[in-house]
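This is what each chain is made of:
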Amino acid sequence: MKILILYSSIDGHTKKICSFISKKLKQNHIIEMNEIDNDEKIKFYIYNFIIVGASIRYGTYRKSFLKFINDNHIELQNTKSAFFSVNIVARKKEKNSINTNPYIKKFFKLSKWKPNIVQVFAGKLDYPKYNFFNKNIIKFIMWITDGPTQTDIVFEFTNWNDVEKFSNKIDRLEI
């Protein structure tokens, strides 16, 4: 299969997850990986499968990501596809499934595209990387939601076994 992996990443963690998926799938497939860019014209028809990953910041997907999805929903719908959301809320067991994660629900309300496979992964909280404003806003949000507030530590919540299972599911598909 020829697979396209697209990502919308704010701090680079969604890109890291996409790179992990790419390395896993390269064993059996031809992989291309790109950041979502509204100006880029993608020839969707040359791919057998498309994977899209997007992160959440302050409760929203990037506007450019949603615009890209809705501008290209027909092309995406005409190809077998998968979507995954990366968010800190998914660190909680009761919010880490596609049926319980509020950002998956939000995605389906805002998107015209209906992917074949949907997944959610917990993200990374990189306090040392954030500027003063972001660090303190995120710390406040974490305090409200019983998350970590120690700002000199990086917290990675991603369950890499789940990312591998997602990759394996795609790897086994017969298109």
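Refer to the structure presented above.
All values derive from a computational prediction rather than experimental measurement.

Each value, and the rule that gives it
Residues numbered from 1 in each chain as written. Predicted model: local features only at pLDDT ≥ 70, side-chain atom pairs only at ≥ 80, totals over all residues. Heavy atoms only, no water. Helix = DSSP H or I, 4+ residues; strand = E, 2+ residues; numbered from the N terminus. Buried < 20%, exposed > 50% of the residue type's maximum accessible area, 1.4 Å probe, protein only. Contact = heavy atoms within 4.5 Å. Lys, Arg positive; Asp, Glu negative; His and termini not counted. Charge placed at Lys NZ, Arg CZ, Asp CG, Glu CD. Pairing = 2+ DSSP bridges. Axes fitted to C-alpha atoms, helices over the stretch in contact; angles between N-to-C directions. Expected span 1.5 Å × (residues − 1). Arc of directions from axis to C-beta. Polar contact = N/O pair within 3.5 Å; in protein donor to acceptor, adjacent residues only side chain to side chain.

A.B. asks: Would you explain the overall build of the chain in this entry?
C.D. replies: When helices and strands are tallied, the chain shows six helices and seven strands. Of the regular secondary structure in the chain, the N- to C-terminal order runs β-α-β-β-α-α-β-α-β-β-α-β-α. Structurally, the chain occupies a C-alpha span of about 45 × 30 × 30 Å along its principal axes. For the chain, the proportion of its 175 residues judged to be buried stands at 44%. A separation threshold of at least 6 residues defines the contact pool for the chain, and within that pool the share at least 24 residues apart is 76%. The averaged location of the 17 negative side-chain charges in the chain is 4 Å from the averaged location of its 29 positive side-chain charges.

A.B. asks: Honestly, the sheet that holds strand S3 (residues 49–55) in this entry has me stumped. Any pointers?
C.D. replies: Pairing between the strands of a sheet is mediated by backbone hydrogen bonds and can be parallel or antiparallel. Ordered in space as S2-S1-S3-S4-S5, the five strands form an open sheet in which the pairing is parallel. Both edges of this open sheet fall to strand S2 (30–35) and strand S5 (117–122), since each of them pairs with a single strand only. Each strand of the sheet is rotated relative to its neighbour by a mean of 15 degrees, with strand direction disregarded. Relative to strand S4 (residues 80–87), S3 is paired through seven bridges, and the arrangement is parallel. In the sheet register, Ile50 faces S4, and the bridge partner there is Ser81. In the packing of helix H1 (residues 13–25) onto the sheet, contacts are made with strand S1 (2–8), S2, S3, S4 and S5, and the angle to S1 comes to roughly 170 degrees.

A.B. asks: Looking at this structure, how should I read helix H2 (residues 63–71)?
C.D. replies: Along an α-helix, a turn takes 3.6 residues, which lines up residues three or four apart on a common side. All buried positions along H2 are accounted for by Phe65, Leu66, Phe68, Ile69 and Asn70. Residues of H2 that are buried make contact with S1, S3, helix H3 (73–77), S4 and helix H4 (102–110).

A.B. asks: In this structure, what is going on with the environment of Ile69? I would like to understand it.
C.D. replies: Counting through the fold element by element, Ile69 comes out in helix H2. Ile69 sits 19 residues away from Ile50 along the chain, and the two C-alpha atoms are 12 Å apart.

A.B. asks: Please explain the side chain of Ser167 as it appears in this structure.
C.D. replies: As for its position among the elements, Ser167 is in helix H6 (residues 160–171). The class for Ser167 is buried, based on a relative accessible area of 0%. Not counting residues within four places of it along the chain, the set of residues in contact with Ser167 comprises Ile21, Lys24 and Leu25.

A.B. asks: In this structure, what is going on with helix H5 (residues 132–144)? I would like to understand it.
C.D. replies: The end-to-end C-alpha separation of H5 is 18 Å, in line with the 18 Å expected for 13 residues at 1.5 Å each. Inspection of H5 places Asn134, Ile138 and Met142 among the buried residues, and these make up the whole buried set. An end-on view of H5 places all buried positions within 65 degrees of arc, on one side of the element. Opposite its buried face, H5 presents the exposed residues Phe132, Phe133 and Trp143, each directed more than 90 degrees away. In this structure, the buried side of H5 is in contact with strand S6 (124–126). By the N-cap criterion, in which a side-chain oxygen at the helix start approaches the backbone nitrogen of a residue two or three places on, H5 is capped by Asn131, the distance to Phe133 being 3.1 Å.

Interpretation note: all reported values are geometric properties and have no functional meaning in isolation.
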